[in-house]
Amino acid sequence: MDDGSCGDPGGRVPVLTVPSREPRTRSLTSQGYGDFKFIGFKNYIAMFQDARVGHAYVFTIFIAILITLGTNLIGMFLAVLLNSKIAFKNGFRAIFFIPFTLSVLVIGYVFKYIFMTPLPALGQALHIDWLSTSMISDPNLAWFPIVFLSIWQGVAYSTLLYLAGLQTIDNEIYEAAAIDGVSPWQNFWQITFPLIGPFVTINMVLSLKNSLGAFDQVMALTKGGPDSKTETVSYLIFQNGLGNGEYSYQMANAVTFFIVLAVLAFVQLKFFSGKEKV
């Protein structure tokens, strides 16, 4: 599967990579490797009736929303903080960007150890029931480590984009607002936020696209468990398509997932572009 979206804060036009011809062709053939025969849309029909595939889509969208909101809210807060007049802000900028330079897969194994050993020990010491056992082995809480790791790693890039947007605002606007007695809260909502609207748009689109394609986090932390509760679409395509011989079946899943990503990207761009103020 080859999909992606990117854009320019000025033009806000996403670039979507169309899947190659082979996935689209093989998705219409019998499953497995080697010899195959044309079976039409049977893979697609079976996929829409597959509860495991349906759960993967629901879970992927669920964590994508949480990751996108968390990444952008924290990123915007840190960007405003780092753009203000504080000591050592250049040093803080470098520190906050470090997580983005690290491999998600490698850091994922570190977080897996933290969620499986130190955190449960802390929960037992503090007599907190839900923290006393590993979240990774809890079907109801296994999503949290994935979301936490994704936000921790993605906030850095989000902060960088928002910082770039804040740098485009002329200080004279804030000086004029200060003379008029505008409060810091009004300053943000009536001046800062509208003026960085294009950066909010592209940040939200990129964050959602990246979180919908979550794979390394799942591979490192849960491997889709427990009981397939944390399988994302990308992980399911990889695991069953390459590991369990469902090549053509998961090709159909990949093509469908690309269409979902494309539709969500354009809807998101349309929505946020309409909210921008110049």
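See the structure above.
Heads up: these notes are all about the structure in this document.

Some thoughts on the packing of aromatic side chains
Part 1 of the reasoning: A full pass over the atoms with the stated rule returns 17 aromatic pairs.
Part 2 of the reasoning: Arranged with centres 5.9 Å apart and planes meeting at 80°, the rings of tyrosine 57 and phenylalanine 257 form a pair that is edge-to-face. Of this pair, tyrosine 57 sits in helix α3 (residues 51–83) while phenylalanine 257 is found in helix α13 (residues 247–275), placing the two residues 200 residues apart along the sequence. Exposure class is identical for tyrosine 57 and phenylalanine 257. Each is buried.
Part 3 of the reasoning: An angle of 80° between the planes, with centres 6.3 Å apart, marks the rings of phenylalanine 115 and phenylalanine 144 as edge-to-face. Note that phenylalanine 115 is positioned in helix α5 (residues 104–116) and phenylalanine 144 in helix α7 (residues 143–166), a separation of 29 residues in sequence.
Part 4 of the reasoning: Of the residues examined, phenylalanine 115 reaches a relative accessible area of 4% and is grouped as buried.
Part 5 of the reasoning: Of the residues examined, phenylalanine 144 reaches a relative accessible area of 31% and is grouped as partly exposed.

Digging into the packing of helix α9 (residues 184–195) against helix α10 (residues 197–212)
Part 1 of the reasoning: One way to put it is that α9 packs onto α10 with a least axis distance of 4 Å and a crossing angle of 60°. Judged on the interaxial angle alone, α10 and α9 are oblique. Here α9 contributes Phe193, Pro194 and Leu195 to the contact with α10, which in turn contributes Gly197, Pro198 and Val200.
Part 2 of the reasoning: Each residue belonging to the contact of α9 with α10 can be placed in one class, and the counts come to 5 nonpolar, 1 polar and no charged.

What about the nonpolar core?
Part 1 of the reasoning: Ranked by size, the top nonpolar core spans 21 residues in total, and within it Ile63, Phe111, Ile146, Leu149 and Leu221 carry the most contacts.
Part 2 of the reasoning: For this core, the elements supplying multiple residues, two or more each, are α3, α5, α7 and α11 (216–221).
Part 3 of the reasoning: In terms of residue count, the dominant contributor to this core is α7 (5 residues).
Part 4 of the reasoning: For isoleucine 146, the contacting residues outside a window of four places in its chain are Phe59, Ile63, Gln217, Val218, Leu221, Thr222 and Thr230.
Part 5 of the reasoning: The next biggest cluster of nonpolar side chains, apart from the first, holds 14 residues, and it includes Met47, Val53, Val233 and Leu261.

Regarding α9
Part 1 of the reasoning: If you check α9, its first and last C-alpha atoms are 15 Å apart, about what 12 residues at 1.5 Å a residue would give, namely 16 Å.
Part 2 of the reasoning: Buried residues of α9: Asn187, Phe188, Ile191, Thr192 and Pro194, and no others.

Let's talk about the packing of α3 against α10
Part 1 of the reasoning: Their axes nearest at 8 Å, the elements α3 and α10 cross at an angle of 140°. One way to sum up the angle between α3 and α10 is to call them oblique. α3 and α10 meet at a crossing whose hand is right-handed. Residues Thr60, Ile61, Ala64, Ile67, Thr68, Thr71, Asn72 and Met76 of α3 pack against Val200, Asn203, Met204, Ser207, Leu208, Ser211 and Leu212 of α10.
Part 2 of the reasoning: By residue class, the composition of the contact of α3 with α10 is 8 nonpolar, 7 polar and no charged.

What counts, and at which threshold
Residues numbered from 1 in each chain as written. Predicted model: local features only at pLDDT ≥ 70, side-chain atom pairs only at ≥ 80, totals over all residues. Heavy atoms only, no water. Phe/Tyr/Trp six-rings, centres within 6.5 Å; stacked < 30°, edge-to-face > 60°. Helix = DSSP H or I, 4+ residues; strand = E, 2+ residues; numbered from the N terminus. Buried < 20%, exposed > 50% of the residue type's maximum accessible area, 1.4 Å probe, protein only. Axes fitted to C-alpha atoms, helices over the stretch in contact; angles between N-to-C directions. Parallel < 35°, antiparallel > 145°, perpendicular 65-115°, else oblique. Contact = heavy atoms within 4.5 Å. Nonpolar A, V, L, I, M, F, W, Y, C, P; charged D, E, K, R; others polar. Core = buried A, V, L, I, M, F, W, Y, C linked by side-chain atoms within 4.5 Å. Expected span 1.5 Å × (residues − 1). Left-handed = near helix turned anticlockwise from the far one by under 90°.

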